[in-house]
Amino acid sequence: MTNARDEFLAGERPDDVALFLADSYVSDDRLEQFGDRVEDGVLIVVDGERGRGAFQAATGTQAMEFAKSAMDLEGEIDDELSSGSCPEASDGEDHAVQFVFAFAEEQNEDVGGIYAEGDVVHAYAKCTCGTAYSDRWNATDA
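For the structure given in this document, a descriptive report is provided here.

So, how was this worked out
- Residues numbered from 1 in each chain as written.
- Predicted model: local features only at pLDDT ≥ 70, side-chain atom pairs only at ≥ 80, totals over all residues.
- Heavy atoms only, no water.
- Phe/Tyr/Trp six-rings, centres within 6.5 Å; stacked < 30°, edge-to-face > 60°.
- Helix = DSSP H or I, 4+ residues; strand = E, 2+ residues; numbered from the N terminus.
- Buried < 20%, exposed > 50% of the residue type's maximum accessible area, 1.4 Å probe, protein only.
- Salt bridge = Lys/Arg side-chain N within 4 Å of Asp/Glu carboxyl O.

## Quick notes on the packing of aromatic side chains
Line of reasoning, step 1. Tallied over the entire structure, the rule returns 7 aromatic pairs.
Line of reasoning, step 2. Ring plane angle 75° and centroid distance 5.4 Å describe the contact between phenylalanine 55 and phenylalanine 99, whose orientation is recorded as edge-to-face. Of this pair, phenylalanine 55 sits in helix H2 (residues 48-59) while phenylalanine 99 sits in strand S6 (residues 97-105), placing them 44 residues apart in sequence. Pair check on accessibility: phenylalanine 55 and phenylalanine 99 agree, each one buried.

Right, here's the structure in full:
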């Protein structure tokens, strides 16, 4: 039996978004009723419109505005969406993901590249140092 999180990570929920909120960023036990408890936070999968609203409520930033700002810098976001490697991490500071916003895009052979290979997960993270970065991968690779 799969849950919403597993289905999202497999690219099977292209109308939904995933939000990871680190415990260190937002501490609200009520979040667990909307998602899955994961190491260091909560991962929520919800329909796109509600998810974008929840993201804005939790972070104070519009989801697509955040994604646009994060896409200019590539980093590594764990395929479970709850951690990552900040591209600025070489400075010796402590780096940890505060939050992640992600969506899946269905396979599109006309676009080519990884889009022709299968569904693509787009993920955008904000680090404790303030850096926003992005990653994407084929859902089949996760």
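## Description of the pattern of salt bridges
Line of reasoning, step 1. If you walk through the whole model with that rule in mind, you get 6 salt bridges.
Line of reasoning, step 2. A salt bridge links arginine 37 to aspartate 23, with the nearest nitrogen and oxygen atoms 2.8 Å apart. One end of the pair, arginine 37, is in strand S2 (residues 36-38); the other, aspartate 23, is in the loop between strand S1 (16-22) and S2, and 14 residues separate them in sequence.
Line of reasoning, step 3. On the basis of relative accessibility, which here comes to 40%, the residue arginine 37 falls in the partly exposed class.
Line of reasoning, step 4. With a closest N to O distance of 3.4 Å, aspartate 47 and arginine 50 form a salt bridge.
Line of reasoning, step 5. The network of salt bridges with shared partners includes Glu7, Arg13 and Asp16.

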